[in-house]
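Chain by chain, the residues run as shown.
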Amino acid sequence: MGIRLGCIADDFTGATDLANNLVRAGMRVVQLIDVPPAGAAQAVDADAVVIALKSRTVPAADAVAASLRALAWLRSMGAEQVYFKYCSTFDSTPAGNIGPVTEALMDALGTDFTVATPAFPDNGRTVFKGHLFVGDVLLGDSGMRHHPLTPMTDSNLVSVLGAQTRRAVGLIDHTVVAGGAEAIRARIDALREDGVGIAIADAVSNDDLLRLGAAVRGLPLVTAGSGLAIGLPPNWGVEPSPAAARLPPPGGHRAIVSGSVSVATNGQVRRYLNSGRPAFRVDPLRVAAGEDVAGQALAFAASHLDDGPVLVYSTEPADTVRSVQGRLGAAEAGELVERTLARVAQGLVERGVRRLVVAGGETSGAVVRALGVTGLRIGPQIDPGVPWCAATLPGGDTLHITLKSGNFGGPDFFTSAFALLDEEAA
Ligand SMILES: Nc1ncnc2c1ncn2[C@@H]1O[C@H](COP(=O)(O)OP(=O)(O)OP(=O)(O)O)[C@@H](O)[C@H]1O
Ligand SMILES: O=C(O)[C@@H](O)C(=O)CO
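A brief report on the enclosed structure follows. Counting of residues starts from 1 at the beginning of each chain's written sequence and follows it residue by residue. Whichever chain is written first is A, and whichever ligand is written first is 1; the rest continue in order. Local features are withheld for residues below a pLDDT of 70 in this predicted model, meaning they are given only at 70 or higher, and side-chain atom pairs are given and counted only at 80 or more; totals for whole chains, interfaces and linings count all residues. Computation of side-chain values covers all heavy atoms of the structure but excludes hydrogens and water.

Some thoughts on the packing of helix α12 (residues 330-350) against helix α13 (residues 361-370)
Next, step 1: Axis lines are fitted through C-alpha atoms, for helices just across the contact stretch, and the angle between N-to-C directions can take any value from 0 to 180 degrees. Numbered from the N terminus, helices here are DSSP runs of H or I no shorter than four residues, and strands are runs of E no shorter than two. Running from N to C, α12 and α13 cross one another at 45°; their axes reach a closest spacing of 8 Å. Comparing the axis directions of α12 and α13 gives the class oblique. For the pair α12 and α13, the sense of crossing is right-handed. Contacts between α12 and α13 involve Glu338, Leu341, Ala342, Ala345 and Gln346 on the former and, on the latter, Glu362, Thr363, Ala366, Val367 and Ala370. To sort the angles, those under 35 degrees are grouped as roughly parallel, those over 145 as roughly antiparallel, those from 65 to 115 as roughly perpendicular, and the leftovers as oblique. For any helix crossing, the convention is left-handed if the near helix is rotated counterclockwise from the far helix by under a right angle, and right-handed if that rotation is clockwise. Here, two residues are considered to be in contact whenever any of their heavy atoms come within 4.5 Å of each other.

What follows is the structure in structure tokens.
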């Protein structure tokens, strides 16, 4: 039997976020890093496959090409419905990539209609009258306003998406969503007749997402944050089951690698440092000056792994990061830190780390690629949007790894993550 749901995620932590919601709703999910080579098809035994791309901020043409490659592979696996996952804060610019990728997927699937909703109420992302809220504030008033690559200053998603697409963008508003699947389908029919190709869907609660999920049964393509995923498995008669999230038993040393500069991660790092546990700070300026900072971090880690977890971090508040970027250049600083942390992660695994927390989407991409990991089995949720995963290392060992989006996770995430793994193993 082929897979039911084929998913394309525009970044790595977003992919595990989506996979997590599907697993919680009972699907057996495999996450693949990049589009697999031909012939890997036989290896997949799952209800859903999530292909993790790094396509959020690359040029739109590259994002489209990568997404179409992923689509072709998912279709070859028999995917009955396709899910394009983007960020719950709708990270994009007028050049894309949400609009261009959505339209390319619609064209390739030969469909004239799809929905778009980044709503993820469990993490405070709600859509009301087409406007996206992050917690209690509109998107345009949130921290996303100052994002270096995708500054989000307009909270009205109908206009944000309209600026990125050739197709007309409409709205399925909350009064319709509250009316249930039939009412939503009637609204979809009316929008289609009016020539609308993509509809932003309101959702302020998980119940809204469940109703939307039922209504989009049979649409070849849905586009969303991870929230809509909770409403799709019932369309195939799949029900929540703890078996879906079962991972092999964990072992080995524990470590945390954090290159995220988000507000939530800053709080988590601070909390960890205050607890007095072993931690090593990676200073990008010392790396740029030619010091072997990765080597120093690994030497430090080696002497503390027995009483781990050990934290290696470059996480700093926004003003410090800005000052580093001012001296090195933003892209150069980012790449330098990603390369250093990826080397640290490799060295940690060589030194026996088999339980690894990684914070930051770009950082996760760099780490996972450096480790030679090609697929992740999704396990239990630590906090909304962040599950433990199991990967097979090139040498055959199992690595338990979690990829945390910058703004996800509670203040004690770095300790609660390991505690959950211990509980599951007990
Ligand atoms: N101290 C630092 N100075 C400058 N750049 C840094 C520093 N620490 C990390 N970076 C870079 O900042 C970027 C952070 O992006 P990343 O996606 O990993 O985390 P995030 O943006 O906080 O989280 P997310 O994308 O998951 O919301 C990376 O390119 C990283 O290398
Ligand atoms: O949807 C989200 O907010 C996350 O999964 C994400 O994509 C962060 O990069």
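From this point, the discussion proceeds with the structure in view.
Remarks on the environment of threonine 126
Next, step 1: For threonine 126, the position within the fold is in strand β6 (residues 125-128).
Next, step 2: Along the backbone, threonine 126 and valine 386 are 260 residues apart, and their C-alpha atoms lie at a distance of 19 Å.
Next, step 3: Beyond its immediate stretch of four places on either side in the chain, threonine 126 contacts Pro121, His131, Leu132, Phe133, Ala203 and Val204.

Quick word on the sheet that holds strand β8 (residues 137-138)
Next, step 1: By definition, two strands form a pair when at least two bridges between them are found by DSSP. Strands sit in the order β6-β7-β8 across an open sheet of 3 strands; the sheet is antiparallel. Because the sheet does not close on itself, it has two edges, and the strands there are β6 and β8.
Next, step 2: Strand direction decides the pairing type here: β6 and strand β7 (residues 131-134), joined by 4 bridges, are antiparallel. Following the sheet pairing, phenylalanine 128 is matched in β7 by histidine 131.

Section: the pairing of strand β1 (residues 5-9)
Next, step 1: By the criterion of burial, β1 is predominantly enclosed, with 5 of the 5 residues buried.
Next, step 2: The alternating pattern of β1 places Leu5, Cys7 and Ala9 and Gly6 and Ile8 on opposite faces, both of which are buried.
Next, step 3: Looking at chain direction, β1 and strand β4 (residues 81-85) are connected through 5 bridges and run parallel. The residue of β4 that forms the bridge with isoleucine 8 is phenylalanine 84.
Next, step 4: Pairing of β1 with strand β3 (residues 48-52), which is carried by 5 bridges, proceeds in the parallel orientation. What sits directly across from cysteine 7, in β3, is valine 50. When accessible area is computed with a 1.4 Å probe and restricted to protein chains, residues below 20% of their type maximum are described as buried, those above 50% as exposed, and intermediate ones as partly exposed.

Notes on empty space enclosed by the protein
Over the atoms, a rolling probe the size of a water molecule traces out where space has been left empty.
Next, step 1: Each cavity reported here is a set of points on a 1 Å grid over the protein atoms alone in which a 1.4 Å probe fits but cannot get out, each pocket an open set with protein on both sides within 12 Å along at least five of seven lines, and each lining residue one with an atom within 4 Å of a point. Grid points are joined across faces, edges and corners, and a volume is the space filled by probe spheres set on the points. Taken as a whole and judged by the stated rule, the model has 1 cavity of 30 Å³ or more.
Next, step 2: Approximately 40 Å³ is the volume found for the largest cavity.
Next, step 3: Along its surface, the largest cavity is lined by Asp10, Ser55, Arg56, Ala63, Phe84, Asp91, Asn97, Ile98 and Val101.
Next, step 4: Residues are grouped as follows: Ala, Val, Leu, Ile, Met, Phe, Trp, Tyr, Cys and Pro are nonpolar; Asp, Glu, Lys and Arg are charged; all remaining types, including Gly, are polar. Split by residue class, the lining of the largest cavity holds 4 nonpolar, 2 polar and 3 charged.

Quick word on the site of ligand 1
Next, step 1: Definition of nearness: a residue and a molecule or strand are near each other if at least one heavy atom of the residue lies within 4 Å of the molecule or strand. Neighbouring ligand 1 are 20 residues; Ser260, Ser262, Glu338, Glu362 and Thr363 lie closest to it.
Next, step 2: As used in this structure description, the phrase polar contact means that two N or O atoms lie within 3.5 Å; if the pair is within protein, one of them must be able to donate a hydrogen and the other to accept it, and residues adjacent in sequence are counted only when both atoms belong to side chains. Contact between ligand 1 and glycine 406: an oxygen atom at 2.8 Å from a main-chain N or O atom of the residue.
Next, step 3: Note on areas: Shrake-Rupley, 1.4 Å probe, and residue coverage restricted to the protein chains presented here. Protein chains bury 86% of the 630 Å² of accessible surface belonging to ligand 1 in isolation.
Next, step 4: At the level of secondary structure, the elements contributing two or more residues to the shell around ligand 1 comprise α11 (318-328), α12 and α13.

Side note on the site of ligand 2
Next, step 1: Looking at ligand 2, the residues that line it are Asp11, Thr13, Gly14, Asp17, Arg56, Lys85, Tyr86, Cys87, Ser88, Ser405 and Phe408.
Next, step 2: Contact distances for ligand 2 include 3.0 Å between an oxygen atom and a side-chain N or O atom of lysine 85.
Next, step 3: In this structure, an oxygen atom belonging to ligand 2 sits 2.6 Å away from a side-chain N or O atom of serine 88.
Next, step 4: For ligand 2, the protein covers 92% of the area, taking 270 Å² as the surface of the free molecule.
Next, step 5: Considering each element in turn, the shell around ligand 2 owes the most residues, 3 residues, to helix α1 (residues 12-24).

Notes on the nonpolar core
Next, step 1: Put simply, buried Ala, Val, Leu, Ile, Met, Phe, Trp, Tyr and Cys residues joined by side-chain atoms within 4.5 Å make one nonpolar core. Within the largest apolar cluster, 120 residues are counted, with the highest numbers of intra-cluster contacts made by Leu22, Tyr83, Ile172, Leu356 and Ile401.
Next, step 2: Excluding residues that lie within four positions of it along the chain, leucine 356 makes contacts with Ala255, Ile256, Val257, Ala345, Val367, Leu371, Trp388, Leu399, His400, Ile401 and Thr402.
Next, step 3: Grouped together as the second largest cluster of nonpolar side chains are 20 residues, Leu247, Ile256, Phe408 and Leu421 included.

Looking at the layout of surface pockets
Next, step 1: By volume, the second largest pocket amounts to about 420 Å³.
Next, step 2: Lining the second largest pocket are 21 residues, and of these Val30, Leu32, Thr374, Gly375 and Leu376 sit closest to its centre.
Next, step 3: Listing elements by their share of the lining of the second largest pocket, those giving two or more residues are β2 (29-33), β16 (375-383) and β17 (386-392).
Next, step 4: Grouping the constituent residues of the lining of the second largest pocket by class yields 14 nonpolar, 4 polar and 3 charged.

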